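Coordinate inspection notes
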Amino acid sequence: MPVPPHPLTELLTPYLRALAKTSPAVARQFLGVAAEAEATPDDLADPIGDAAHSPLPGLVHRYPDRVLLLPTMACASHCRFCFRRDRVGARRMSDGQLDAALAYVSARPQIHEVILSGGDPLTLPQARLADLLARLDAIDSVETVRIHTRLAVHDPARAVRVAQALAPERRAALWIALHVNHADELTAEAKAAIRALHGAGAFLVSQTVLLAGVNDDAATLATLFRALVRQGVKPYYLHHPDRAAGTEHFRVPLARGRALVETLRGTLSGLAQPTYVLDIPGGHGKVWATDAYVTPAADGSWTARAIDGSRHPYPADADAVVAVPPTK
Ligand SMILES: *Cc1c(COP(=O)(O)O)cnc(C)c1O
Ligand code: SF4
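Residues numbered from 1 in each chain as written. Chains lettered and ligands numbered in written order. Predicted model: local features only at pLDDT ≥ 70, side-chain atom pairs only at ≥ 80, totals over all residues. Heavy atoms only, no water.

Close contacts around ligand 2 come from Cys-75, Ser-77, His-78, Cys-79, Cys-82, Val-88, Gly-119, Arg-150 and His-154, and that covers them all. Looking at the shell around ligand 2, its residues break down into 4 nonpolar, 4 polar and 1 charged. (Near = heavy atom within 4 Å. Nonpolar A, V, L, I, M, F, W, Y, C, P; charged D, E, K, R; others polar.)

What follows is the structure, given as structure tokens:
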């Protein structure tokens, strides 16, 4: 059922605009194209389903031991494939909403991990970020704070400043999940930002979204994952792209993604291999996109098994191009 795509303003830092001139992979991720305005039958109305698990504004509690906290919906640049494009913008949690979210976490000692996402949490004003991290650190049951960010790619110089301002002492472990989709994003400046985050005592993993025309071939992915390992960043997740309206031109057939991952398994160090995951539409959670959870049906569609054992149909791709070119 096609839903009209939500418009997303074009927003690039000057750094990224310059990089887009030399890197087609960066240009495709950040420069808007007319195709974004088209709804297609492949779109899903609720590709992630956060709303089903949101007990309070800015909080998503889908798994017992961890919560997602969305302190800001702002990002330093806008990625054209963004699956939260309906929500990305300047909006921030109010003081009262943050108080309520932190009280929710404090009252539930089974929550061991708080994941800051958005938007990009590292774009918060530094005093506000420092205050939030200090308050999370003061909740004894929170063992780990994880920050999902793309700032080292969008604006590496700013990421260095943020890293240098992080408190040197903390009780809870600080993990950073850096969103990187192509080795072109790992410029000297971005590497300096990664070093600064390591210097601040953070542990780093990466997330990559599989995107048609950006990184949907084995050689490009292998180069990216090796480059991340070399920077001390463990590739964590390779996300199958969600079917948000306006992102049709980035879609990769699931069968092709699975074939790519198979190819990488034979050629890359385990350190350089992320887990390929699919977010089951409708809020049923992330599962491995491999046969353990996602199985093909005779008609080309799929069945995804959620962690709770429930089974959900995942539609076939409209015009699947499955063949994978050999690794260069
Ligand atoms: C993805 C996600 C998480 C984190 O899951 P991990 O598998 O631990 O990375 C947590 N909460 C929600 C709502 C999520 O969508
Ligand atoms: S950084 Fe994440 S939330 Fe922000 S625009 Fe890019 S994909 Fe969307």
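Successive residues of a regular strand alternate their side chains across the two faces of the sheet. With 5 of its 6 residues buried, strand E8 (residues 275–280) lies for the most part within the structure. Pairing geometry for strand E7 (residues 234–239) and E8, over 3 bridges, is parallel. Bridged to Leu-238 within E8 is Tyr-276. Connecting E8 to the antiparallel partner strand E9 (residues 285–288) that follows it, the hairpin turn spans 4 residues, and Gly-282 within it adopts a positive phi of roughly 95°. (Buried < 20%, exposed > 50% of the residue type's maximum accessible area, 1.4 Å probe, protein only. Helix = DSSP H or I, 4+ residues; strand = E, 2+ residues; numbered from the N terminus. Pairing = 2+ DSSP bridges.)

Moving on, we get to the sheet that holds strand E12 (residues 311–314). Pairing in this open sheet of 3 strands is antiparallel, and the strands run E10-E11-E12 from one edge to the other. Every other strand in the sheet has two partners, leaving strand E10 (294–296) and E12 as the edge strands with one partner each. On average, each strand axis in the sheet is tilted by 25° relative to the strand beside it, whichever way the strands run. Sheet topology places E10 next to strand E11 (residues 302–305); 3 bridges connect them, and they run antiparallel. Looking at E11, one finds that Pro-296 is bridged to Trp-302. (Axes fitted to C-alpha atoms, helices over the stretch in contact; angles between N-to-C directions.)

What follows covers the nonpolar core. Leu-69, Val-114, Leu-116 and Phe-225 are the most contacted members of the largest nonpolar core, which totals 73 residues. Here this core takes 7 residues from helix H8 (residues 218–230), the largest share from any one element. In this view, Val-114 contacts Val-67, Leu-69, Val-105, Leu-136, Val-142, Thr-144, Val-145 and Arg-146; residues no more than four positions away in its chain are not counted. Among the nonpolar cores identified, the runner-up in size contains 17 residues, and Val-26, Ala-27, Phe-30 and Cys-79 belong to it. (Core = buried A, V, L, I, M, F, W, Y, C linked by side-chain atoms within 4.5 Å. Contact = heavy atoms within 4.5 Å.)

A separate point is the site of ligand 1. In the region of ligand 1, the neighbouring residues are Val-60, Arg-62, Tyr-63, Arg-66, Leu-68, Ile-115, Arg-146, Tyr-236, Tyr-237 and Lys-286. The separation between an oxygen atom of ligand 1 and a polar side-chain atom of Arg-62 is 3.0 Å. Considering ligand 1 on its own, with 390 Å² of exposed area, one finds that the protein chains cover 90% of that surface. Broken down by secondary-structure element, the contributors of at least two residues to the shell around ligand 1 are strand E1 (59–63), strand E2 (66–72) and E7. Of the residues forming the shell around ligand 1, the biggest block, 3 residues, is contributed by E1. Partitioning the shell around ligand 1 into residue classes produces 6 nonpolar, no polar and 4 charged. (Polar contact = N/O pair within 3.5 Å; in protein donor to acceptor, adjacent residues only side chain to side chain. Areas by Shrake-Rupley, 256 points an atom, 1.4 Å probe, with all protein chains shown as cover.)

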